[in-house]
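Here are the chains, one letter per residue:
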Amino acid sequence: MDYEDLRARYGSPFYLYDLKILRHSCSMLRQALPNPAILFYSLKANPHPLLVQELLNLGCWAEVSSLGELHVVLEAGGDKADILYTGPGKSRAELQRAVEMGVRWFSVESLTELEKLRSVAIDGNPPLQAIMRINPDQEYTGAGLAMTGTPSQFGTDEQALLRELKKLHLSENVQIAGFHIFNGTNTGNFETLSDSFLSSIQVMARLARECGIKLKFVDLGGGFGYPYAVEGSPSNFGGLKVRLESALDDLMPGWRSEEPSIAFESGRYLAAASGTLVSTVMDIKESKGSRFIILDSGIHHLGGMAGLGRIPRVQYDILPVSEMPADRHEPAKVVGPLCTPLDFFNKSARMPALRPGDLVYVPNVGAYGITASLLGFLSREMPVEIVVDGDEIKQVSQLTLNRIEK
Ligand SMILES: Cc1ncc(COP(=O)(O)O)c(C=O)c1O
C-alpha cells in the first residue's frame, strides 16, 4: 500500500489494517493450540467491525465485555451461540439485555453475579451457561499484567468458591458449565505461558471434583504476547500444543470429543500485527539542546491507556516511510499535538533528518490502538481507519464522538 497515496485521498493521520495479516496471525495461533479448541477473539483489543467479521469467518468465537461489543458481533453476523460475555461489574440490566439479545454463555465473576444472572434467566428457555471465573490461590508471575493469584477484582477466590459451594447448585435455569481462568495479558515467554495454562488445567480439574461439577466448558484464558507499537514478531508459542494436549489427556480425558470443550482467548496476538498508525510530521524544533519532532498523532490516537498502566509505557518505534540513511540518525523526542507534556510517543528516539510533511508510521498497533486511547481528550478529530486486504481497499471509516441530550 502506498501511504502517500492514502494520505492524499483520506488525510492524515490514519490507521491501516490489513486483513491478510490478520488471517496469518489467526492461523499461527491456531497451530499453537490443542486441537480441538475454541479460540475467542477478545473485542476489547479492537472492535473494528471488519476485523471482527474476518475473525468470525475464520471460526473464532467472540469474547465481549459490553453491550457495545455485543452489538458489533451481532451486526457482523456472529452466531449468538458462539459468544461469551465476560467482565467484572456487570449490571442486572446489562445481563438482562444480553440474554434478550440471545447470549447464552457468561463468565461469572462472583456469587453475587451468579444470583443476578439467575434473576434474568427466562423461564422455559434452555438454561444459561455460566463459567465461574476463578482467582486461583497461586500467583502467576511473568505476564505483562498479572490478574490472578493476588488480590484482584477479577474472578472468585478458589477458597471463597469452596466455602459457598451450596450456592453453585441452586437453580435449574443457570447451569454451571465450567471454569474460566485468565492469568494475565501479554506474556512473551513460552515457558511462562505454558506453565500458566498447565496450572489452570490442574486447578480446574481439582475444583470440578471438589465442587461436584461435570466440566462442559473450560476457558483457559490467554495472555499470548505480541510487541506493542514497536517492530518485531511474537515469541514462538508452537510448543504449547503438545504440552497442553498431554496435560488435558491426563486431567480432562474427554476433551478430544469436546467433553469438556477447551477454549482460549486472544485480542492482541490476533490483531496487533494487522494495524499500523501512519502520521505526518507537523513541525520540528530545537529546544534547549533537544530536537522535538511534532506529529499530527498522539496519545489521543495511540496508547492513551499506557498512562493508566494498562499497557506498559514503552518508547514506540516511529519509522520513516521513505528510506533514509541510517548513519544520519540523531536523538529526538517524538511528541504529539496535544497541550500536555504527557503527549509523547518516544522521548529517546534516534530519528533521521525528517522535514515537516514527511510521513512516519508506528507498527504493530492493530490491538489496543485507537479505541484504547484518549479519544475525547482535546476534542480533536479521530484518525480515519482504512481496512485493506493486501492491495485492495475494503473500507474507509471514521469514528466520531457525539453528545446526545438525555
Ligand atoms: C478476560 C480477558 N480476556 C481476554 C483479554 C485479552 O487479552 P490480550 O489482548 O492480551 O490477548 C483480556 C485482557 O485484559 C481479559 O481480561
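Residues numbered from 1 in each chain as written. Predicted model: local features only at pLDDT ≥ 70, side-chain atom pairs only at ≥ 80, totals over all residues. Heavy atoms only, no water.

### Describing a nonpolar patch on the surface
A cluster of nonpolar side chains, contributed by Leu 374, Phe 377 and Leu 378, occupies part of the molecular surface with about 220 Å² of accessible area. Mapped onto the fold, Phe 377 is located in the loop between strand 18 (359–362) and strand 19 (384–389). Judged by relative accessible area, which is 38%, Phe 377 ranks as partly exposed. (Patch = residues over 30% accessible without salt bridge, like charges linked within 9 Å, V, L, I, M, F, W, Y side chains within 5 Å. Areas by Shrake-Rupley, 256 points an atom, 1.4 Å probe, with all protein chains shown as cover. Salt bridge = Lys/Arg side-chain N within 4 Å of Asp/Glu carboxyl O. Helix = DSSP H or I, 4+ residues; strand = E, 2+ residues; numbered from the N terminus. Buried < 20%, exposed > 50% of the residue type's maximum accessible area, 1.4 Å probe, protein only.)

### Quick word on the packing of aromatic side chains
What the rule picks out here adds up to 16 aromatic pairs. Ring centres 5.9 Å apart and planes at 25° place the aromatic pair Tyr 15 and Tyr 17 in the stacked group. Take Tyr 15: its relative accessible area is 0%, and that puts it in the buried class. Taken together, a centroid distance of 6.0 Å and an interplanar angle of 35° make the contact between Tyr 85 and Phe 106 tilted. Placement of Tyr 85 in strand 4 (residues 83–85) and of Phe 106 in strand 5 (residues 105–108) is noted, with a sequence separation of 21 residues between them. Neither Tyr 85 nor Phe 106 differs from the other in exposure class; each is buried. (Phe/Tyr/Trp six-rings, centres within 6.5 Å; stacked < 30°, edge-to-face > 60°.)

### Some thoughts on the packing of helix 5 (residues 92–100) against helix 6 (residues 111–120)
Two elements in contact, helix 5 and helix 6, have axes separated by 9 Å at closest approach and are oriented at 45°. Classed by the angle they form, the pair helix 5 and helix 6 counts as oblique. Helix 5 and helix 6 meet at a crossing whose hand is right-handed. Between helix 5 and helix 6, the residues in contact are Arg 92, Leu 95, Gln 96 and Val 99 and Glu 113, Lys 116, Leu 117, Ser 119 and Val 120, respectively. Residue classes in the contact of helix 5 with helix 6 are distributed as 4 nonpolar, 2 polar and 3 charged. (Axes fitted to C-alpha atoms, helices over the stretch in contact; angles between N-to-C directions. Parallel < 35°, antiparallel > 145°, perpendicular 65-115°, else oblique. Left-handed = near helix turned anticlockwise from the far one by under 90°. Contact = heavy atoms within 4.5 Å. Nonpolar A, V, L, I, M, F, W, Y, C, P; charged D, E, K, R; others polar.)

### Here we look at the site of the ligand
Close contacts around the ligand come from 14 residues, with Ser 42, Glu 265, Gly 267, Arg 268 and Tyr 368 the closest. Within the side chain of Glu 265, a nitrogen or oxygen atom sits 2.4 Å from a nitrogen atom of the ligand. Contact between the ligand and Arg 268: an oxygen atom at 2.8 Å from a main-chain N or O atom of the residue. Contact with the protein chains removes 96% of the 400 Å² of surface that the ligand exposes when unbound. Taken together, the residues of the shell around the ligand sort by class into 3 nonpolar, 5 polar and 6 charged. (Near = heavy atom within 4 Å. Polar contact = N/O pair within 3.5 Å; in protein donor to acceptor, adjacent residues only side chain to side chain.)

### Section: the nonpolar core
Counting residues in each nonpolar core, the largest one holds 104 residues, and the members touching the most others are Phe 106, Met 132, Phe 179, Phe 224, Phe 264 and Leu 302. Counting the residues that make up this core, at least three belong to each of domain 1 (3–14 + 273–398) and domain 2 (33–266). Ignoring any residue separated from it by four or fewer positions in sequence, one finds Phe 224 in contact with Leu 29, Leu 33, Thr 187, Leu 193, Phe 197, Phe 237, Leu 240, Phe 264, Glu 265, Ser 266, Arg 268 and Tyr 269. (Core = buried A, V, L, I, M, F, W, Y, C linked by side-chain atoms within 4.5 Å. Domains from an automatic or database assignment.)

### Section: the domain arrangement of the chain
With domains assigned, the chain is organised as domain 1 (3–14 + 273–398) and domain 2 (33–266). Taking only C-alpha atoms, the centre of domain 1 and the centre of domain 2 are 34 Å apart. Counting from both sides, the interface comprises 26 residues of domain 1 and, opposite them, 16 residues of domain 2. Interface of domain 1 and domain 2: buried area, both sides summed, is about 1,700 Å²; carbon and sulfur atoms make up 57% of it. Inspection of the region where domain 1 meets domain 2 yields 0 salt bridges. Where domain 1 packs against domain 2, one counts 9 residue pairs in polar contact (both at pLDDT 80 or more). Every element with two or more residues in the side of domain 1 that touches domain 2 is listed here: strand 19 and strand 20 (392–398). A breakdown of the residues in the side of domain 1 that touches domain 2 according to their chemical character gives 12 nonpolar, 10 polar and 4 charged. (Buried area = accessible area lost by both parts, 1.4 Å probe.)

### A look at the pattern of salt bridges
The tally for this structure, following the rule as stated, stands at 17 salt bridges. A salt bridge links Asp 5 to Arg 9; its shortest N-O distance comes to 3.1 Å. In this pair, Asp 5 and Arg 9 both sit in helix 1 (residues 3–10), 4 residues apart, roughly one turn of the helix. On the basis of relative accessibility, which here comes to 48%, the residue Arg 9 falls in the partly exposed class. Its salt-bridge partner being Asp 249, residue Arg 256 comes within 3.0 Å of it at the nearest N-O pair. By relative accessible area, which is 32% here, Asp 249 ends up partly exposed. In this structure, a network of salt bridges that share partners links the residues Lys 241, Glu 245, Asp 249 and Arg 256.

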